[in-house]
Amino acid sequence: SVFRAGLTAQVCRWIAVVAFTATRGLPAQSTPLPNGGFVRGVVTDSLAGAGLPGAEVQMAAVDLRATWYTVRSDSNGAFALQRVPAGRYVVGFYHELLTLLGLEMPSRLVDVEDNMTTDVQLAVPSSRTMRALRCGDSNDGDLGMLVGALRTAAERSPVPAATLEVSWPAIAQEGTRYRTITERAKATIGEDGTYVVCGLPIGATVELMLTAARFHTISGLVEVVPTNGVGILNFRLVDSARVQGTA
């Protein structure tokens, strides 16, 4: 990859389907830039339906070795780079949200021309696309998923050797009779401590049970999957040997 080493290690194996457009040939709205173009755009959080602040947008030249640019999106998800030498670039972005969602840093090719403006639109995939990527095409579109990270409270290091189970009441039909049953789903946890739970009811209250050796158990009733179908919940685990109190 032409991007900085180490970013790829921060993300999981899934590839994001990214909304991307590049418009060439627009006159630059600022003062003409000698020997360079103006690149601008917005990174959108499709889950929230708003701009994604703090995204690290990177541009790396295809033909010019060791030529790359980095800029962070503002509070509205907007970003801009001035005096970018003409040429072809790989452009993409990284954000902690991609790691939690288990998506790789998306990248595409874009051409920059002298004294011209290039518009680049980047986006986190839609909820339905992400659920299909992480949970499979067979996943019911009316069911949601929960993602997040398991970290130690002290060092913020990953806790991959844990068990996270989600349960909730459901109605089952047996002939002409109905009865209440308990549905359950277990998380798939990666080596980096990120996890995903698929097939969860949207907008319903569920019970969580998180256990890990040497750490206090976490349990409780929560509503974790919002109406957009993707819930994000991070855990900080406290060492069971730690005791809090006053002497």
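A brief look at the structure comes next. (Residues numbered from 1 in each chain as written. Predicted model: local features only at pLDDT ≥ 70, side-chain atom pairs only at ≥ 80, totals over all residues. Heavy atoms only, no water.)

1. With respect to the overall build of the protein chain
On a plain count of helices and strands, the protein chain comes out with two helices and 18 strands. Taking all 247 residues of the protein chain together, the buried fraction comes to 40%. Within the protein chain, residue pairs in contact and separated by at least 24 positions form 67% of the contacts whose partners lie at least 6 positions apart. Put simply, the protein chain shows about 13200 Å² of open surface, and 50% of that area lies on carbon and sulfur atoms. (Helix = DSSP H or I, 4+ residues; strand = E, 2+ residues; numbered from the N terminus. Buried < 20%, exposed > 50% of the residue type's maximum accessible area, 1.4 Å probe, protein only. Contact = heavy atoms within 4.5 Å. Areas by Shrake-Rupley, 256 points an atom, 1.4 Å probe, with all protein chains shown as cover.)

2. Concerning the side chain of His 95
Relative to the assigned elements, His 95 resides in the loop between strand E7 (87–94) and helix H1 (96–101). Accessibility expressed as a relative area gives 18% for His 95, which makes it buried. Within polar-contact distance, the side chain of His 95 engages the backbone nitrogen of Leu 97 at 3.0 Å. (Polar contact = N/O pair within 3.5 Å; in protein donor to acceptor, adjacent residues only side chain to side chain.)

3. Comments concerning the sheet that holds strand E16 (residues 218–222)
Reading across the sheet, the four strands line up as E12-E11-E15-E16 and stay open at both edges, with antiparallel pairing between neighbours. Strands with a single pairing partner mark the edges of an open sheet, and in this sheet they are strand E12 (177–186) and E16. Strand after strand, the sheet turns through a mean of 20° between neighbouring axes, direction not considered. When strand E15 (residues 206–212) meets E16, the two strands line up antiparallel, connected through five bridges. Residue pairing for E16: Met 209 is matched across the bridge by Ser 219. (Pairing = 2+ DSSP bridges. Axes fitted to C-alpha atoms, helices over the stretch in contact; angles between N-to-C directions.)

4. Structural notes on the environment of Ala 60
On the secondary structure map, Ala 60 appears in strand E4 (residues 56–61). On the basis of relative accessibility, which here comes to 3%, the residue Ala 60 falls in the buried class. Expressed as a C-alpha distance, the spacing of Ala 60 and Tyr 89, which sit 29 residues apart in the sequence, is 5.3 Å.

5. Let's talk about the pairing of strand E2 (residues 37–45)
Here E2 runs beside strand E6 (residues 78–84); their pairing, made up of five bridges, is antiparallel. What sits directly across from Val 39, in E6, is Leu 81. Note that E2 and strand E9 (residues 116–123) share seven bridges and pair parallel. Bridge pairing links Gly 41 to Val 120 in E9. Where E2 and strand E3 (residues 50–51) come together, two bridges link them in antiparallel fashion. Bridge pairing in E3 links Thr 44 to Gly 51.

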